[in-house]
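Spelled out from the first residue to the last, the chains are:
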Amino acid sequence: LTAALVALLFENAFVTCVDRITPSQLPHYEEAGLGADRIRYVRVDMLAPGNESDPTSPFLSEVAAAVKEVGRPKVAVLGVHCCGVLSLKAIELYEHLGADCIHLMPCCMPSKKDGRFPKSIFESRDQAVQYVAWAEHLRARLADDQGGCES
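Definitions and limits used
Per chain, the residues get numbers from 1 upward, laid out in the order the sequence is written. Since the coordinates come from a predicted model, pLDDT governs what is reported: local features require at least 70, and pairs of side-chain atoms require 80 or more to be given and counted, while whole-chain, interface and lining totals use all residues. To get the side-chain values, take all heavy atoms of the structure and skip hydrogens and water. A pair of sulfur atoms, both from cysteines and within 2.5 Å, is called a disulfide here. The way it works is that DSSP assigns letters per residue, a run of H or I at least four long becomes a helix, a run of E at least two long becomes a strand, and they are numbered from the N terminus. Each residue's exposure class comes from its accessible area (1.4 Å probe, protein chains only) as a fraction of the maximum for that residue type: buried when under 20%, exposed when over 50%, partly exposed otherwise. In this analysis, the expected span of each helix is defined as 1.5 Å times one less than the number of residues it contains. This arc is built from the directions going out from the helix axis to the C-beta atoms. Contacts are assigned to residue pairs that have any heavy atoms within 4.5 Å of one another.

A. Focus on the state of the cysteines. Considering all chains together, one arrives at zero disulfides under this definition. Free of any disulfide, Cys-83 has its nearest cysteine sulfur in Cys-107, 3.3 Å distant. With no disulfide of its own, Cys-108 has Cys-107 as its nearest cysteine by sulfur position, at a separation of 3.3 Å.

Right under this line is the structure:
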């Protein structure tokens, strides 16, 4: 749904969707008048082994190839429903592509047991406070380049 909305709201946009689901589970973009000239799907599991922060990882290289093929002058990364570490994968993609902006909408916290994240995120027992700390951690990860999009 998000891809269709972006394509409909921004008539000059080309949308590249990335997920691990099979194409048969995708919405019917063509029936909505959004064919292959507006939306493309890249099937890749962003968390599969081999998809670490290496620029040659299947995740980064496949999405970069798809974006390069489209050849649009501006690139935005939109991370919707980024469970746990998927927000970090979206940031990696933003950096790898040299994208113009990034919008993240994380939904789930990373695991407390994952040592890659500061323990301060989980200091409070209040989930709302934890979520704000997680969002702040992600924002700080982008501190050098705020990733803001111009409309």
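B. Structural detail: unusual backbone geometry. Residues other than glycine seldom take positive phi values, yet His-81 does so here, at roughly 60°. Counting through the fold element by element, His-81 comes out in strand E3 (residues 76-82). On the accessibility criterion, His-81 (52% relative accessible area) is exposed.

C. Examining helix H2 (residues 58-70) more closely. With 13 residues, H2 extends 18 Å between its outermost C-alpha atoms, agreeing within 8% with the 18 Å of an ideal straight helix rising 1.5 Å per residue. The set of residues buried in H2 consists of Phe-59, Leu-60, Val-63, Ala-64, Ala-66 and Val-67. Buried residues along H2 cover an arc of 160° about the axis, so they all sit on one side. Away from its buried face, by an angle of more than 90 degrees, H2 presents the exposed residues Lys-68 and Glu-69. At its buried positions, H2 is contacted by strand E1 (15-19), strand E2 (39-43) and helix H3 (86-97). Two residues or fewer past H2, Gly-71 is found with a positive phi of approximately 70°.

D. Molecular detail of helix H4 (residues 127-141). With 15 residues, H4 should cover 21 Å at 1.5 Å per step; its first-to-last C-alpha distance of 21 Å lies within 8% of that length. Looking at H4, one finds that the buried residues are Gln-130, Trp-134 and Leu-138. Looking straight down H4, one finds that the buried residues subtend no more than 80° of arc, so they occupy a single side. Opposite the buried face of H4, at more than 90 degrees from it, the exposed residues are Ala-128 and Val-132. On its buried side, H4 packs onto H3 and strand E4 (101-106).

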